[in-house]
Amino acid sequence: MKQNFNNYKEIISLAEKLLVKYEFNPTISPKLDGSRRPLAYRIGEHELSEIFSDQLLNPETTEIDKENFHSWDQNEFLMCGAGKTTCAISPNGDIYPCIVLRTPLGNLKKHSFSEIWHSFENRKIRTMNFQDLKTCTHCELLEYCDRCPGIALLEDGDMFGPSRFFCKIAEVRKSILPLLSFPRKRESRGNP
């Protein structure tokens, strides 16, 4: 975020001294009540470009293989683990697909976790796929995008629509791609 962006190399250095793994995530979402105040802490396009270009932060960055991209299972590629591999449980027992996607699935005081996990409501979330996205399916930035349905819902009101923040990240990734030096492409990439 804006307040600690200039210190990220020091954080990397500390992590290396402590022999611990590190990663970065520039995602800052609106509050769950809809307040956009936290968005003031997001870094800008210049800073995004710097961190996505930094090989210390992205040691496994490889060139996007556009020929193989279209043969990947795009449903799995685009959709997150919300309701599939993750969930969030509130202090009062409400279960949500993830910490950001606050679509209620059920409550542990009324139903077992298994009932909620296998419920119709969660199946709707779990089966979201590439074809459900309204405008993203035809976007030229698609292969650069890591969209989040929860942030799309909080930021722009539609979990199936674009998220301005992830669109900006995709634009940055596309713009820096020609500037990076990549390892040789692998013969077979498989699923990402």
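Here we summarise the structure given alongside this text. (Residues numbered from 1 in each chain as written. Predicted model: local features only at pLDDT ≥ 70, side-chain atom pairs only at ≥ 80, totals over all residues. Heavy atoms only, no water.)

**Remarks on the pattern of salt bridges**
Point 1. Throughout the structure, instances matching the rule amount to 4 salt bridges.
Point 2. Linking Glu155 and Arg42 is a salt bridge whose minimum nitrogen-to-oxygen distance equals 2.6 Å. With a gap of 113 residues between them, Glu155 in helix H7 (residues 149-156) and Arg42 in the loop between helix H1 (8-18) and helix H2 (45-53) connect regions that are remote in the sequence.
Point 3. Judged by its relative accessible area of 3%, Glu155 falls in the buried class.
Point 4. Between Lys174 and Glu140 there is a salt bridge; the shortest N-O distance is 3.7 Å. Of this pair, Lys174 sits in helix H8 (residues 164-176) while Glu140 sits in the loop between helix H6 (120-126) and H7; the two residues are 34 residues apart in sequence, bridging distant segments of the chain. (Salt bridge = Lys/Arg side-chain N within 4 Å of Asp/Glu carboxyl O. Helix = DSSP H or I, 4+ residues; strand = E, 2+ residues; numbered from the N terminus. Buried < 20%, exposed > 50% of the residue type's maximum accessible area, 1.4 Å probe, protein only.)

**So, the state of the cysteines**
Point 1. Per the counting criterion, the structure on display carries 0 disulfides.
Point 2. Left unpaired, Cys80 is separated from the closest cysteine sulfur, that of Cys148, by 5.7 Å.
Point 3. Classification of Cys80 by relative accessible area gives partly exposed; the value is 29%.
Point 4. Considering cysteine sulfurs only, Cys167 is the nearest to Cys136, which forms no disulfide, with 6.1 Å between them. (Disulfide = S-S within 2.5 Å.)

**Side note on unusual backbone geometry**
Glycine aside, the phi torsion of most residues is negative, and most peptide linkages are trans.
Point 1. With a phi close to 60°, Leu19 is a non-glycine residue in the positive phi region.
Point 2. Within the secondary structure layout, Leu19 lies in the loop between H1 and H2.
Point 3. Relative accessible area serves as the criterion here: at 78%, Leu19 is assigned to the exposed category.

**Re the sheet that holds strand S2 (residues 94-96)**
Point 1. An order of S1-S2-S3 is seen for the 3 strands of this open sheet, with the pairing classed as antiparallel. Each edge of the open sheet carries a strand with a single partner, namely strand S1 (88-89) and strand S3 (106-107).
Point 2. As paired elements, S1 and S2 share 2 bridges and run antiparallel to each other. Bridge pairing in S2 places Ile89 opposite Ile95. (Pairing = 2+ DSSP bridges.)

**Some details on the environment of Val100**
Point 1. For Val100, the location among the structural elements is in the loop between S2 and S3.
Point 2. Taking the C-alpha atoms as reference points, Val100 and Cys87, separated by 13 residues in sequence, lie 9.6 Å from one another.
Point 3. Among residues more than four places away in sequence, those in contact with Val100 are Leu32, Gly150, Ile151 and Leu154. (Contact = heavy atoms within 4.5 Å.)

**As for the packing of H2 against H8**
Point 1. Where H2 contacts H8, the axes come no closer than 9 Å and their chain directions differ by 55°. By the angle between their axes, H2 is oblique relative to H8. Classified by chirality, the crossing of H8 by H2 is right-handed. Residue-level inspection shows Glu45, Leu48, Ser49, Phe52 and Ser53 of H2 in contact with H8, the latter providing Lys168, Ile169, Val172, Arg173 and Ile176.
Point 2. For the contact of H2 with H8, the residue count by class is 5 nonpolar, 2 polar and 3 charged. (Axes fitted to C-alpha atoms, helices over the stretch in contact; angles between N-to-C directions. Parallel < 35°, antiparallel > 145°, perpendicular 65-115°, else oblique. Left-handed = near helix turned anticlockwise from the far one by under 90°. Nonpolar A, V, L, I, M, F, W, Y, C, P; charged D, E, K, R; others polar.)

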